[in-house]
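Working through the structure, step by step
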Amino acid sequence: MAAKITGSVLVTGSNRGIGLELVRQLCESTCPPSQIFAGCRDPNGPRVKALKELAQKHQHLVTIVELDTTNQASITEAAKVVGGQLKDRSLNLLINNAAVNIPGSLTETGEQQMMQVFQTNTVGPLLMIKEFLLFLRTAAAQSGAQREMSSQRSAVVNVSTLISSIEKCPETFLHAPMYPYRVSKAALNMLTRCLSEDLKKDGILVMALHPGWVQTDMGGPEAPLSTEDSVTGMLNVISSLTETHMGTLLDWEGNRIPW
Ligand SMILES: NC(=O)c1ccc[n+]([C@@H]2O[C@H](COP(=O)([O-])OP(=O)(O)OC[C@H]3O[C@@H](n4cnc5c(N)ncnc54)[C@H](OP(=O)(O)O)[C@@H]3O)[C@@H](O)[C@H]2O)c1
């Protein structure tokens, strides 16, 4: 069944990889969102061609927004741009997808590597949620009869990873040591869990989603999953979220991953 995400959506890091495919599938859905904001840190850079073509093809739907999630001024400016265009200043779905990974064995990892990855993968999503919270709250409040928590009403999806799981570490560590990345995403999971407690009262659903191991610049060519299959699964999971998924870590097929 096709995923049904019909409200307004903001995706960070949408010029390539999973973010680009999220925007593509949302545009091409039989029930597309009302508005798609495609965040991208360098809209005039060399890696934006595919996103620009997509936005050109779906002009009525997609707005490319300059957004560097490690830069507070950029986030504030993006919120002004998005807020100015949102119908009723209401944002239904924020997908915190932007992230970085760097070689991360113990030998390769020092303060600078830890801080750089933490800034993007953990601090960035926190700043994004704070800046867009007003719009998410408005969406939740305006939902009228639709009182159940859902991505149609108001939700934050933090894109996490299987290798953030502390319980799964013994079976995943040897394949991917990646100290900065693992630690930053485990912290993102705690952020997700804290926010789910905090924003329950507002009717905003918050959860973390693992896309699988995917063929992107980050995942590499040997990854088993195509971006198409991963994102089809992710959107199915996102569109069927309910209150029971509040504060969980799920994979792209909807399976629960232990913390
Ligand atoms: N691929 C996998 O196997 C895999 C597995 C588990 C989880 N994930 C997660 O899935 C998400 C997407 O990963 P991906 O594989 O698509 O990665 P990717 O191909 O490396 O793309 C990363 C995206 O994030 C953007 N980005 C990085 N730093 C940013 C910043 N400061 N501000 C705004 N955008 C920024 C990049 O923009 P630029 O082009 O400007 O650099 C790019 O659009 C990430 O959260 C990742 O951790 C991926």
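Figured I'd write up the structure that's included with this text. (Residues numbered from 1 in each chain as written. Predicted model: local features only at pLDDT ≥ 70, side-chain atom pairs only at ≥ 80, totals over all residues. Heavy atoms only, no water.)

**So, the packing of aromatic side chains**
Short version of the rule: Only the six-membered ring of Trp is used, alongside the rings of Phe and Tyr, when aromatic pairs are assigned; centres must lie within 6.5 Å, and planes under 30 degrees apart are stacked while those over 60 apart are edge-to-face, with the rest tilted. Any residue under 20% of the maximum accessible area for its type is buried, any over 50% is exposed, and the rest in between are partly exposed; the area is computed with a 1.4 Å probe on protein chains only.
In total, this model carries 2 aromatic pairs according to the counting rule given. Centre to centre, the rings of F173 and Y179 are 5.8 Å apart; their planes meet at 80°, and the pair counts as edge-to-face. The exposure class assigned to F173 is partly exposed, which follows from its relative accessible area of 28%. The class for Y179 is partly exposed, based on a relative accessible area of 29%.

**With respect to helix 6 (residues 179–199)**
Spacing of three or four residues puts side chains on the same side of an α-helix, whose turn is 3.6 residues. Note the following rule: Secondary structure follows DSSP: runs of H or I at least 4 residues long count as helices, runs of E at least 2 residues long count as strands, and numbering of each begins at the N terminus. To estimate the expected span of a helix, subtract one from its residue number and multiply by 1.5 Å. Any two residues having at least one pair of non-hydrogen atoms within 4.5 Å are treated as being in contact.
Between its terminal C-alpha atoms helix 6 stretches 30 Å, which fits the 30 Å expected from 21 residues at 1.5 Å a residue. Among the structural elements, helix 4 (111–141), strand 5 (155–159), helix 5 (169–172), strand 6 (205–210) and strand 7 (249–251) are those in contact with the buried residues of helix 6.

**Points about the pattern of salt bridges**
Quick reminder of the rule: Only one rule defines a salt bridge in this text: a Lys or Arg side-chain nitrogen within 4 Å of an Asp or Glu carboxyl oxygen.
Counting across every chain of the model gives 11 salt bridges. E171 is the partner of K168 in a salt bridge, and the nearest nitrogen-oxygen pair spans 3.8 Å. One salt bridge connects K201 with D198, and the closest N-O pair in it is separated by 3.5 Å. Overall, the relative accessible area of 44% leaves D198 in the partly exposed class. Taken together, the shared-partner salt bridges connect R137, D198, K201 and D202 into one network.

**Observations concerning the packing of helix 1 (residues 17–28) against helix 7 (residues 227–239)**
Which entries qualify depends on this criterion: Orientation is described by lines fitted to C-alpha atoms, with helices fitted over the stretch in contact, and by angles between N-to-C directions that extend from 0 to 180 degrees. Handedness of a crossing is defined here by the sense of rotation of the near helix relative to the far one, left-handed for an anticlockwise turn of less than a right angle and right-handed for a clockwise turn. When residue character is reported, Ala, Val, Leu, Ile, Met, Phe, Trp, Tyr, Cys and Pro are called nonpolar, Asp, Glu, Lys and Arg charged, and the others, Gly included, polar.
The geometry of helix 1 relative to helix 7 is characterised by a closest axis approach of 9 Å and an angle of 65° between their N-to-C directions. Considering only the axes of helix 1 and helix 7, their crossing is right-handed. Together, G17, I18, E21, L22, Q25 and L26 of helix 1 and T227, E228, V231, T232, M234 and L235 of helix 7 make up the contact between the two elements. Here the residues of the contact of helix 1 with helix 7 sort into 6 nonpolar, 4 polar and 2 charged.

**What about the nonpolar core?**
The condition is simple: Definition used in this section: a nonpolar core is a set of buried Ala, Val, Leu, Ile, Met, Phe, Trp, Tyr and Cys residues joined via side-chain atoms within 4.5 Å.
Among the nonpolar cores identified, the biggest contains 39 residues, and V23 and I95 are the most heavily contacted of them. For this core, the secondary structure elements donating two or more residues are strand 1 (8–11), helix 1, strand 2 (35–40), helix 2 (49–57), strand 4 (93–96), strand 5, strand 6 and helix 7. In terms of residues, this core owes the most to one element, helix 1, which gives 6 residues. With residues up to four places along the chain from it excluded, the contact list for I95 reads V9, L10, V11, T12, L22, V157, V159 and I238. Counting residues in each nonpolar core, the second largest holds 26 residues, with F37, I129, F135 and V206 among its members.

**Considering the site of the ligand**
Filter applied, for reference: Consider each residue's heavy atoms; a residue with any of them within 4 Å of a molecule or strand counts as near. Nitrogen and oxygen atoms within 3.5 Å of one another constitute a polar contact, given that in protein one can donate a hydrogen and the other can accept it, and given that sequence-neighbouring residues count only through two side-chain atoms. All accessible areas in this document rest on Shrake-Rupley with a 1.4 Å probe, and a residue is counted as covered only by the protein chains that are shown.
The environment of the ligand is made up of 30 residues, and the closest members are N15, R16, N97, Y181 and T216. One nitrogen or oxygen atom from the main chain of N97 is found 2.7 Å from an oxygen atom belonging to the ligand. Taken by itself the ligand offers 900 Å² of open surface, and the protein chains cover 95% of this. Among the secondary structure elements, those contributing two or more residues to the shell around the ligand are helix 1 and helix 6. Grouping the amino acids of the shell around the ligand by side-chain chemistry returns 11 nonpolar, 13 polar and 6 charged.

**Thoughts on the sheet that holds strand 3 (residues 62–66)**
For the record, the criterion: Should DSSP find at least two bridges between two strands, the strands are regarded as paired.
Read from one edge of the open sheet, 7 strands run 3-2-1-4-5-6-7, paired in parallel fashion. Edge strands, defined here as strands with exactly one partner in the open sheet, are strand 3 and strand 7. Pairwise comparison of adjacent strand axes, ignoring direction, gives a mean angle of 20° for this sheet. In terms of strand pairing, strand 2 meets strand 3 through 5 bridges, oriented parallel.

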